[in-house]
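Inside the fold
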Amino acid sequence: MSLSPFEHPFLSGLFGDSEIVELFSARADIDAMIRFETALAQAEAEADVIAADAAEVIVSGLSTFAADVTALRHGVAKDGVVVPELVRQMRAAVAGSSAEKLHFGATSQDVIDTSLMLRLKATTEIIAARLGHLIDTLSDISARDGKNPLTGYTRMQAAIPITVADRVASWIAPLERHLVRLDTFLQNGFALQFGGAAGTLEKLGDKAGAVRADLAIRLGLSDRSQWQSQRDGIVEFGNLLSLVTGTLGKFGQDIALLAEIGTEIRMSGGGGSSAMPHKQNPVNAETLVTLARFNAVQISALHQSLVHEQERSGAGWMLEWMSLPQMVTATGSSLLIAERLAGQLDRLGADTE
């Protein structure tokens, strides 16, 4: 057992996804926050909210900025969020009169939520690419074995003969729908968070809309009015993740059941047993079921996080920090495991020879 099997020294051999875990590292989070502050200074200079030379000094100072992570940890313990201490360190790196223009008009949640959106967009591009590749792999299996006979089961009882193509189609079709959903979300689902102290951008006056629109373009995010207490977009994204892992769980469960009977599947690379050396356990198939159930449970936490009181919540917001990164990592890991499992399927269907 461990606090996070996704980063554990040996459990990560089963659940790990180093590419996605890195995007939720402290370094990636801080880098995304620096991107926000740099782009904000440039957008505000473009709109004459701050002087152009001040923006240049900010951009230059942040280009070599390295955060003191120990001080950030102490700051979070005191403030509940990382941004006050991070901005203090950034301003020290910028120095001079320009330092006070850094973070102008923004608030902690703007920085944290926008960092999250930048990293979620990057992870979704990875997930979508893997999903497309898995669909191709399963399609190749159907082309190879699709005409082979397979026993159809309804309610866990043998029913009538079907073909491998029939079963594989039930795996591929929902994955194709999920890919469309993810591609649509990539187009406009990841939005800039920029609302200031209470969501009104009061310090920017009539230039608020122009600055927000420019900032969104610079960061490659959608331009949307503040959504700091409106978390439905994040929950919708979490639902998409659970749809993906749920479908992969169905794939894993089907393979595990085929392996139990053994007459209609030929696999390689199963897991070993310390007590029974003759066994090859369907480890990858079982892990897909586990991760599907894990994400289904986390969905309830995200729905709880929808309850944000008034203009900003601490409790609901922090609940996201605990649940969403694990859901994303579980999804990425599931796709890696599903690809490995598909590669172990040497033959599906009954041998007719």
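Thresholds, definitions, all that
Residues numbered from 1 in each chain as written. Predicted model: local features only at pLDDT ≥ 70, side-chain atom pairs only at ≥ 80, totals over all residues. Heavy atoms only, no water. UniProt positions renumbered as here; feature names shortened; annotations may be inferred. pLDDT = per-residue confidence, 0-100. Contact = heavy atoms within 4.5 Å. Helix = DSSP H or I, 4+ residues; strand = E, 2+ residues; numbered from the N terminus. Polar contact = N/O pair within 3.5 Å; in protein donor to acceptor, adjacent residues only side chain to side chain. Pairing = 2+ DSSP bridges. Axes fitted to C-alpha atoms, helices over the stretch in contact; angles between N-to-C directions. Parallel < 35°, antiparallel > 145°, perpendicular 65-115°, else oblique. Left-handed = near helix turned anticlockwise from the far one by under 90°. Nonpolar A, V, L, I, M, F, W, Y, C, P; charged D, E, K, R; others polar. Salt bridge = Lys/Arg side-chain N within 4 Å of Asp/Glu carboxyl O. Buried < 20%, exposed > 50% of the residue type's maximum accessible area, 1.4 Å probe, protein only.

As recorded in an unreviewed UniProt entry, the protein chain goes by 3-carboxy-cis,cis-muconate cycloisomerase and comes from Agrobacterium arsenijevicii. One UniProt comment on the protein chain, placed under Sequence similarities (unreviewed entry), says "Belongs to the class-II fumarase/aspartase family."

On to the confidence of the model for the protein chain, then. Mean pLDDT for the protein chain: 90, with 95% of residues reaching 70 or above. Long-range and interchain partners of residues 271-279, a stretch whose pLDDT sits below 50, account for eight contacts in this model, where long-range means more than four residues apart.

Trans is the common state for peptide bonds, and a negative phi is the common state for residues other than glycine. One non-glycine residue with positive phi stands out, namely H103, at about 75°. Here H103 shows up in the loop between α6 (83-94) and α7 (108-145). Non-glycine residue L201 carries a positive phi angle of around 50°. By the element assignment, L201 lies in the loop between α8 (164-188) and α9 (208-219).

Time to look at the environment of R144. Tracing the sequence through the fold places R144 in helix α7. Setting aside residues no more than four positions away along its own chain, R144 makes contact with L345, D346, R347 and L348. Side-chain polar atoms of R144 contact the backbone oxygen of L345, separated by 2.8 Å.

The next point concerns the pairing of strand β1 (residues 149-154). Examined bridge by bridge, β1 and strand β2 (residues 157-163) share five bridges and lie antiparallel to one another. Bridging from a neighbouring strand, Y153 pairs with A158 of β2. Counted along the chain from β1 to the antiparallel partner β2, the turn is two residues long, and its residue R155 has a positive phi close to 55°.

The geometry of α7 relative to α8 is characterised by a closest axis approach of 9 Å and an angle of 160° between their N-to-C directions. Looking at the two axes, α7 sits roughly antiparallel to α8. Note on packing geometry: the crossing formed by α7 with α8 is left-handed. Across the contact of α7 with α8, the residue classes break down as 15 nonpolar, five polar and five charged.

Along the polypeptide, D136 turns up in helix α7. Considered as a pair, D136 and I172 are 36 residues apart in the sequence and their alpha carbons are 9.0 Å apart.

This part is about the pattern of salt bridges. Working definition: two side chains of opposite charge can pair if their charged atoms are close together. For the coordinates displayed, the defined rule picks out 12 salt bridges. With a closest N to O distance of 3.0 Å, E19 and R130 form a salt bridge. With E19 in helix α2 (residues 18-23) and R130 in helix α7, this residue pair connects regions lying 111 residues apart in the sequence. For R130, a relative accessible area of 13% puts it in the buried group. Ionic pairing is found between R218 and D214, a salt bridge with its closest N-O pair at 3.1 Å. Taken together, the residues R218 and D214, both in helix α9 and four residues apart, mark about one turn of the helix. Among the residues examined, R218 registers a relative accessible area of 35% and is labelled partly exposed. In the salt-bridge network here, residues are joined through shared partners; they are D17, E19 and R130.

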